[in-house]
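So you can see what is in the structure, the chains are spelled out below.
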Amino acid sequence: IRSGSGETTNETPQDIAVAAADWTWLGIPIDTDAEFFTTRLSLTSAAPGLLIDYALLVAGPWTPPAAGEARPLPANLFSHAGAIDQAAGGVCLQAERDPADIVFYGPLLPVEPGRYRVTFDYTSPAAAGTVLGDLSARVERDPVAARPVAAGAPARLEFDITKNLPLRIDFRYARTGDLVIR
């Protein structure tokens, strides 16, 4: 949301003042104790100039990592194919079962502009050097980094982000070996 003000409707309408010259994310809590519920968001500009580009519905608060902060995100929090193996501590992909496609992606949460390093933590019994797939990062439809993931080698991406929009990390599986993503 950028500049102006808006109103949200949940049980009771609330006014939220927006005073920003650039795009900013606003948290609008949904107060409910119900396990299942229906919610509706209605935004109305109280003054000209309110622009809405994205809306995300997330379970719980999200604070982007601060400069220099490492933020581990467990693999089972990402959207994925495969199976969750609690004993192995991650998402297990099997070449005989899982598709050759994007089988792991996320977090789809906004991060602040800056330089980022993503480490793809995985293990595989495949022979060293076997290309297991491709790791990539993008913001909106714009790719910001990509590299192959080879068994026995670290998989890291380093990139710059210029917009505070949701970051998406993808792993496109090649089905050349089993692996566990942590």
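To keep things clear, this report deals only with the structure shown in the data block.

Scoring rules and cut-offs
Residues numbered from 1 in each chain as written. Predicted model: local features only at pLDDT ≥ 70, side-chain atom pairs only at ≥ 80, totals over all residues. Heavy atoms only, no water. Helix = DSSP H or I, 4+ residues; strand = E, 2+ residues; numbered from the N terminus. Buried < 20%, exposed > 50% of the residue type's maximum accessible area, 1.4 Å probe, protein only. Contact = heavy atoms within 4.5 Å. Pairing = 2+ DSSP bridges.

With respect to the helices and strands, serine 136 occurs in strand S9 (residues 131-139). Judged by relative accessible area, which is 24%, serine 136 ranks as partly exposed. Between the C-alpha atom of serine 136 and that of phenylalanine 120, which follows or precedes it by 16 residues, the distance is 10 Å. Residues within four places of serine 136 in sequence aside, it is in contact with Ala145, Ala146, Leu157, Arg168, Ile169 and Asp170.

Attention shifts here to the sheet that holds strand S4 (residues 83-85). Strand order in the open sheet made by the four strands is S4-S5-S13-S8, with antiparallel pairing throughout. Edge positions in the sheet fall to S4 and strand S8 (122-123), since each of these pairs with one other strand and no more. With two bridges connecting them, S8 and strand S13 (residues 179-181) associate as antiparallel partners. Each residue of the ladder has a partner; that of tyrosine 122, found in S13, is isoleucine 181.

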